[in-house]
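# What the coordinates show
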Amino acid sequence: MNLSIETVFIAALIIYALLLGAVSFFYTRSGDQRTAQENLPKTIKHITEGFVAIVIFLLVFYLAINGIMPKDVLITLVSVFAT
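Overview of the structure. What you see is a predicted model; the values in this text were computed from it and never measured.

### A look at the environment of Ile-5
Looking at the secondary structure, you find Ile-5 in helix α1 (residues 5-29). Residues Ile-5 and Glu-38, spaced 33 residues apart in sequence, show a C-alpha to C-alpha distance of 36 Å. Contact partners of Ile-5, with chain neighbours within four places excluded, come to Leu-58 and Tyr-62.

### Re α1
Here α1 contains 25 residues, and its C-alpha end-to-end distance of 36 Å stays within 8% of the 36 Å for a straight helix at 1.5 Å per residue. Among the residues of α1, those classed as buried are Ala-12, Tyr-16, Leu-20, Val-23 and Tyr-27. Where α1 is buried, its residues contact α2 (33-65).

### A closer look at the packing of α2 against helix α3 (residues 71-82)
In the contact formed by α2 and α3, the axes pass within 8 Å of each other and the chain directions differ by 150°. Considered as vectors, α2 and α3 are oriented roughly antiparallel to each other. Note on packing geometry: the crossing formed by α2 with α3 is left-handed. Packed against α2, whose contacting residues are Phe-57, Val-60, Phe-61, Ala-64 and Ile-65, the element α3 presents Lys-71, Leu-74, Leu-77 and Val-78 at the interface. Considering only residue class, the contact of α2 with α3 consists of eight nonpolar, no polar and one charged.

Parameters and conventions
- Residues numbered from 1 in each chain as written.
- Predicted model: local features only at pLDDT ≥ 70, side-chain atom pairs only at ≥ 80, totals over all residues.
- Heavy atoms only, no water.
- Helix = DSSP H or I, 4+ residues; strand = E, 2+ residues; numbered from the N terminus.
- Contact = heavy atoms within 4.5 Å.
- Expected span 1.5 Å × (residues − 1).
- Buried < 20%, exposed > 50% of the residue type's maximum accessible area, 1.4 Å probe, protein only.
- Axes fitted to C-alpha atoms, helices over the stretch in contact; angles between N-to-C directions.
- Parallel < 35°, antiparallel > 145°, perpendicular 65-115°, else oblique.
- Left-handed = near helix turned anticlockwise from the far one by under 90°.
- Nonpolar A, V, L, I, M, F, W, Y, C, P; charged D, E, K, R; others polar.

Set out below in structure tokens:
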């Protein structure tokens, strides 16, 4: 199965939107609205940071696979983020 980078990005965007919708639904259904008002922005911030990190990693990986960026740069970035 060979997926294009556009398909992977659209799938990640759909998963991101579904995750935000599920979190928003969960917090609106919770009984404690004060806790929901405090935690919802934090939760959305963490989800967004994770999504941005995944998309940047996919972009860098795509650039390295297609030879636009040297593979040594990808290896260096992965080793820096791993430590």
